[in-house]
Amino acid sequence: MANNIVDHPPGNSVAEGNHDGDFGVSMEDLKNIMELRSSEAVTMIQEKFGDVQSICRRLKTSPIEGLSGNPVDLEKRHATFGKNLIPPKKAKTFLQLVWEALQDVTLIILEVAAIISLGLSFYHPPGGDGESCGQAAGGVEDEGEAQAGWIEGAAILFSVIIVVLVTAFNDWSKEKQFRGLQSRIEQEQKFTVIRKGQVIQIPVAEIVVGDIAQIKYGDLLPADGILIQGNDLKIDESSLTGESDHVRKSLEKDPMLLSGTHVMEGSGRMVVSAVGLNSQTGIIFTLLGASEHDEEKKVKKSKKRKPERCSDSPEKHLKIPIKDRALCLFSTGLFMSAMTVIILILYFVINTFLVQNLSWVAECTPIYIQYFVKFFIIGVTVLVVAVPEGLPLAVTISLAYSVKKMMKDNNLVRHLDACETMGNATAICSDKTGTLTMNRMTVVQAYIGDTHYKTVPEPEAIKPETLEMLVNSISINSAYTTKILPPEKEGGLPRHVGNKTECALLGLVLGLKRDYQPIRDEIPEEMLYKVYTFNSSRKSMSTVLKNADGGFRMYSKGASEIVLRKCSHILDAQGQPRVFKMKDRDEMVRKVIEPMACDGLRTICVAYRDFPAEAGEPNWDNENDILDNLTCIVVVGIEDPVRPEVPEAIAKCQRAGIDVRMVTGDNINTARAIATKCGILQPGEEFLCLEGKEFNQQIRNDKGEVEQERLDKVWPKLRVLARSSPTDKHTLVKGIIDSTVGETRQVVAVTGDGTNDGPALKKADVGFAMGIAGTDVAKEASDIILTDDNFTSIVKAVMWGRNVYDSISKFLQFQLTVNVVAVIVAFTGACITQDSPLKAVQMLWVNLIMDTLASLALATEPPTESLLLRRPYGRDKPLISRTMMKNILGHAVFQLIIIFTLLFAGEVLFDIDSGRNAPLHSPPSEHYTIVFNVFVMMQLFNEINARKIHGERNVFEGIYRNPIFCSVVLGTFALQIIIVQFGGKPFSCTALTIDQWLWCIFIGIGELLWGQVSLFPVKSDCVGGGGRCGGKKGLLRAAVMFPSQPLPWQLLLHMKAVSNKV
């Protein structure tokens, strides 16, 4: 028998209370069976159990009605066979994250320097005085101040602890968010099982051994199982076995179904035999866990290897994580800090031992060493501010914030980098059904009995024989999981469950005053002799029944052009078959199918074929002969209305410089009509609409190979690709991505719902899977899942992606300004005055402002519609635009002029004592406190300037929409007041007067005024076309050696360990 079914006793063999005894099969027995394949497994089942039915009895389940769903029974199955959960890798504890944060090189250097400083401050050698040690010890007259020398070392250590705790907390909250996202994705996964005779969907985690699971095309199997009944079932087991060929499953040859494998064709039912860690996937996970310790050792060894050299090649950028890329900046900071230390030591040695002509005496050694430690700490402070350590944090916060908000916009992000990449998308290849249309299909026209009905005909208008044939064909030749259920609310629309096209046909049956369910009850799925399930190559579905006389009847349905080509007869007005010639078919295409398609209708042909008993049983594997000589019953036109919000969404995409293409399996006339309604095609525009066949003729050479040069002539103008196969979609996507035509490389987003869309979704820069209509395979291959299957959600993803890109650019504009100013001030001040105007603890506070707090403030800006008014940047756009570069350098110059004016003339301007050339352990000065305060005030107000990166004048626009930003700015200001007024010796500050504070704030406000003055026009930043915007002559590379490379991957790979395949 061609259809694979197992005999079963009538009724449900589940006994509600009969679960006290042990199951008739152990977990080990089931595990041993699942390790076998093909004929070995069949032989083992026959020898040990007899058949699959016997296994079902031992597991106390019914192949027809499944489990009873009794909580006591389910709990017992959990206890005996385990739960369908694979425990996630244990999360790092907070202490482990603290330890990792402590591994930072700059923090280690600071810790060592602080500990040495702290130790020396407690050592007071006898006889060491100011006279014998020269001017180096001069000014240490206040014994209390000298005794308080430990405070600076202690303050640095305390600051390091704060930085470490903040870093560890950020890592902990980041990992918690990502685990929550993973948990959300797992909860979304449901699977179809039969319990109490009802077909229900339950979370994958609730599946137990003994459940009867219904499997169908596109499913990702959540547990191991043994086939009970199958229709044309083919499985992709490459994820477990590595074999790329699809494996045909049947009761006679290979009934073993493994978790983690994909159903590529067909449908069926299986009894679940192993779950969780006992399934084949679980066993592999267990082995991976066992080898994890060895792997960690390897990782630790690999960490000892020499870090990769800083490189400007794009290929390197894709492979080196952010912390290695930061070596480029780190090396610059290291050079500056080393120069600072060398100059300070040389100046000290020359001044003390040559100018003052002193000799080194033992009593002065601790004092000299304290000076050397102080110089070393100054050098480290230069290093601390030279590296934008907050960059990974800004990326993380911006992405985590966006991912959380995108969930509310029906975008479930699986891969974090897709979030940003979507902001640079230049092309979207979208499906039609369900994405651009409502996916609520209704039959509105029909050609039946030689008559074209513009509305659904009354049942009386159709011959009873024809009506009977039509109702039987639709009821039987469709997935039995497809149903039309009553509306949830009174007055609502009926609920469509399952395949939407089949729902439309079932709706036609109901519209003809008939019911499909009694027919299905009379002919249950087990009685179907053979099923040719729908796939992208067949574009049709056929079901075979065995007649009482030994003959067979086959019902078929599918795309009208394809099925009509296989029809040799058609039912006439009397319900009798008449010959259907090629000219008749051409006439029907011209008079019926094309007018329907031009109205935007999908056309489906329903047909049948009888195989007489005397001809014997056909060879069911010879599809070409089987699916031929059909008799057409009806051609229907199915309407799937365009979503009302889609035309506006597509118009937004077009304004934003994104080309939208429709890739569909529908008739070209239908596709063209829908594309026109959506706004993809505009009147008067010379865009191409091609069918898959014509598309392949234009892009392939005589050998059938795709040529990029030919493809480059087609895709720029292509807007609709109809009657396309998944291979065509993949070819188009790959061709657009690989193309070098135009000013910039294309960034392509693709939507898909079918199993065979997987390659295109994988190839695309961003793959969108349908959350409702999408198969598990498509979701697995995607980067983002559209939980509402709506195109408008893609537009929201574009907006969020651009917002992520801009948020990180804002943060960079702010932080690199602080970096440039702080490094130059610390270096120049140290070389001229032998002391850094900004102390180590103050630098750590500034670092905290520009790292954690600024990244929190600038990376959480909500998106606005204005983001869609510019064209995408494309692949080659540097992260730092010319406008941003001008802002960074312009504000840096302004701040340096102010700081150096205060440093060298501040005592005159404010009528206070000078803080320059202060001796060791001298008390904090008003002079250097004002310098520090003005520096922080300018950063605070420049943070407001940094909110705009495209030359906008109104930097306050929308500031109240971001309470996080307002809170950070006000909070930082309040903390600065506390530090200055009450920080004292630990922060090297002394309390300022009201007048001094007002002057500091006034100078800080000058940043806002300077921001307005500096908004002179610059050469275009290539916002319109994406281009290379400065190319290899990027100003920033010359200024601070920041790589002028685009954001994708370069900044995000550092999160791979946490976010990989969330």
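Named according to an unreviewed UniProt entry, the protein is Calcium-transporting ATPase originating from Oryzias sinensis. The UniProt entry for the protein carries this comment under Catalytic activity (unreviewed entry): "Ca(2+)(in) + ATP + H2O = Ca(2+)(out) + ADP + phosphate + H(+)".

Q: What's the story with the UniProt feature "transmembrane region" (unreviewed entry) in the protein in this structure? I'm lost.
A: UniProt's entry tags residues 326-350, 375-401, 888-906, 926-944 and 964-984 with the feature "transmembrane region" (unreviewed entry), counted in the numbering of this structure. Note that residues 888-906 is 100% helix and 0% strand, and that its end C-alpha atoms are spaced 25 Å apart. In residues 926-944, the share of helix is 100% and the share of strand is 0%. The end C-alpha atoms are 27 Å apart.

Q: Can you walk me through the sheet that holds strand 24 (residues 748-752) in this structure?
A: Within the open sheet, the eight strands sit side by side as 8-26-25-24-9-21-23-22. Their pairing is mixed. The open sheet has two free edges, formed respectively by strand 8 (411-413) and strand 22 (688-691), since each of these has just one partner strand. Strand-to-strand twist across the sheet, computed as the mean angle between neighbouring axes with direction ignored, equals 20°. With three bridges connecting them, strand 25 (residues 766-770) and strand 26 (residues 784-786) associate as parallel partners. Bridge pairing links Ala769 to Ile785 in strand 26. Strand contacts of helix 27 (residues 692-699): strand 22 and strand 23 (718-722), with the helix running at about 100° to strand 22, the strand carrying the most contacts.

Q: Can you help me understand the packing of aromatic side chains in this one?
A: One pair of aromatic rings is described through two measures. These are the centre distance and the angle between the planes. Under the counting rule described, the total for this entry stands at 13 aromatic pairs. Between Phe353 and Tyr368, the ring centres sit 5.6 Å apart and the planes meet at 80°, which makes this aromatic pair edge-to-face. Of this pair, Phe353 sits in helix 15 (residues 327-355) while Tyr368 sits in helix 16 (residues 365-386); the two residues are 15 residues apart in sequence, bridging distant segments of the chain. By the burial criterion, Phe353 is buried, and Tyr368 matches it. Ring geometry for Phe900 and Phe904: centres 6.2 Å apart, planes at 20°, overall stacked. Placement of both Phe900 and Phe904 in helix 34 (residues 882-909) is noted, with a separation of four residues, approximately one turn of the helix.

Q: What is the right way to look at the nonpolar core in this model?
A: Across soluble globular proteins, nonpolar side chains show a tendency to be buried alongside one another. Membership of the largest hydrophobic core comes to 54 residues, with the highest contact counts inside it found for Ile930, Phe932, Val934, Phe935 and Phe965. Contributing elements (two or more residues each) for this core: helix 16, helix 32 (791-833), helix 33 (840-858), helix 34, helix 35 (926-945), helix 36 (963-982) and helix 37 (994-1013). With 12 residues, the top contributor of residues to this core is helix 35. Among residues more than four places away in sequence, those in contact with Phe932 are Leu838, Gln842, Trp845, Val846, Gln976, Ile979, Val980 and Cys989. Counting residues in each nonpolar core, the second largest holds 49 residues, with Leu436, Ile650, Leu681 and Val720 among its members.

Q: Before we go on, may I ask you to explain the packing of helix 32 against helix 35 in this structure?
A: To characterise two packed helices, one gives the angle between the axes of the helices and the distance between these axes. In contact at an axis separation of 10 Å, helix 32 and helix 35 are set at 160° when each is read in the N-to-C sense. Judged by the inter-axis angle, helix 32 sits roughly antiparallel to helix 35. For helix 32 against helix 35, the interelement crossing comes out right-handed. Counted together, Gln813, Phe814, Thr817, Val818, Val821, Ala822 and Thr833 of helix 32 and Tyr928, Phe935, Gln939, Asn942, Glu943 and Asn945 of helix 35 form the full contact between these two elements. Looking at the contact of helix 32 with helix 35, its residues break down into six nonpolar, six polar and one charged.

Q: I keep staring at the packing of helix 19 (residues 464-476) against helix 20 (residues 500-511) and nothing clicks. Help me out?
A: It is at 10 Å that the axes of helix 19 and helix 20 come closest, and there the two elements cross at 145°. Judged by the sense of rotation from one axis to the other, the crossing of helix 19 with helix 20 is left-handed. From helix 19, Leu470, Val471, Ile474 and Ser475 reach across to helix 20, where they touch Leu505, Leu506, Leu508 and Val509. For the contact of helix 19 with helix 20, a count of residues per class yields seven nonpolar, one polar and no charged.

Q: What am I meant to see in the environment of Glu617 here?
A: You can see Glu617 is positioned in the loop between strand 19 (601-611) and helix 24 (623-626). The class for Glu617 is partly exposed, based on a relative accessible area of 46%. Glu617 sits 65 residues away from Phe552 along the chain, and the two C-alpha atoms are 8.2 Å apart. A distance of 2.7 Å separates polar atoms of two side chains, one belonging to Glu617 and the other to Tyr529. A polar atom in the side chain of Glu617 sits 2.8 Å from the side chain of Trp620.

Q: Help me out: how do you make sense of the confidence of the model for the protein in this one?
A: Atom-level detail of predicted coordinates should not be read off regions where pLDDT is low. Model confidence for the protein is summarised by a mean pLDDT of 78, while 81% of its residues fall at 70 or above. Across residues 136-148 the pLDDT falls below 50, and counting only partners more than four positions away or on other chains, this stretch makes 17 contacts in the model. Here residues 1020-1062 is modelled with pLDDT under 50, and outside its nearest four sequence neighbours on either side it reaches 115 contacts, counting other chains as well.

Q: Even after reading the chapter, I still don't get the pattern of salt bridges, so can you show me in this structure?
A: Pairing of side chains with opposite charge becomes possible as their charged atoms draw close. For the structure on display, the rule yields 23 salt bridges. As a salt-bridge pair, Lys31 and Glu28 come within 3.9 Å of each other at their nearest N and O atoms. Of this pair, Lys31 and Glu28 both sit in helix 1 (residues 27-34), three residues apart, which is roughly one turn of that helix. Its relative accessible area of 17% is what places Lys31 among the buried residues. Across the salt bridge formed by Lys249 and Asp254, the nearest N and O atoms sit 3.1 Å from each other. An identical accessibility class is assigned to Lys249 and Asp254; each is buried. Among the charged side chains, a network of salt bridges with common partners joins Glu237, Lys249 and Asp254.

Definitions and limits used
Residues numbered from 1 in each chain as written. Predicted model: local features only at pLDDT ≥ 70, side-chain atom pairs only at ≥ 80, totals over all residues. Heavy atoms only, no water. UniProt positions renumbered as here; feature names shortened; annotations may be inferred. Helix = DSSP H or I, 4+ residues; strand = E, 2+ residues; numbered from the N terminus. Pairing = 2+ DSSP bridges. Axes fitted to C-alpha atoms, helices over the stretch in contact; angles between N-to-C directions. Contact = heavy atoms within 4.5 Å. Phe/Tyr/Trp six-rings, centres within 6.5 Å; stacked < 30°, edge-to-face > 60°. Buried < 20%, exposed > 50% of the residue type's maximum accessible area, 1.4 Å probe, protein only. Core = buried A, V, L, I, M, F, W, Y, C linked by side-chain atoms within 4.5 Å. Parallel < 35°, antiparallel > 145°, perpendicular 65-115°, else oblique. Left-handed = near helix turned anticlockwise from the far one by under 90°. Nonpolar A, V, L, I, M, F, W, Y, C, P; charged D, E, K, R; others polar. Polar contact = N/O pair within 3.5 Å; in protein donor to acceptor, adjacent residues only side chain to side chain. pLDDT = per-residue confidence, 0-100. Salt bridge = Lys/Arg side-chain N within 4 Å of Asp/Glu carboxyl O.

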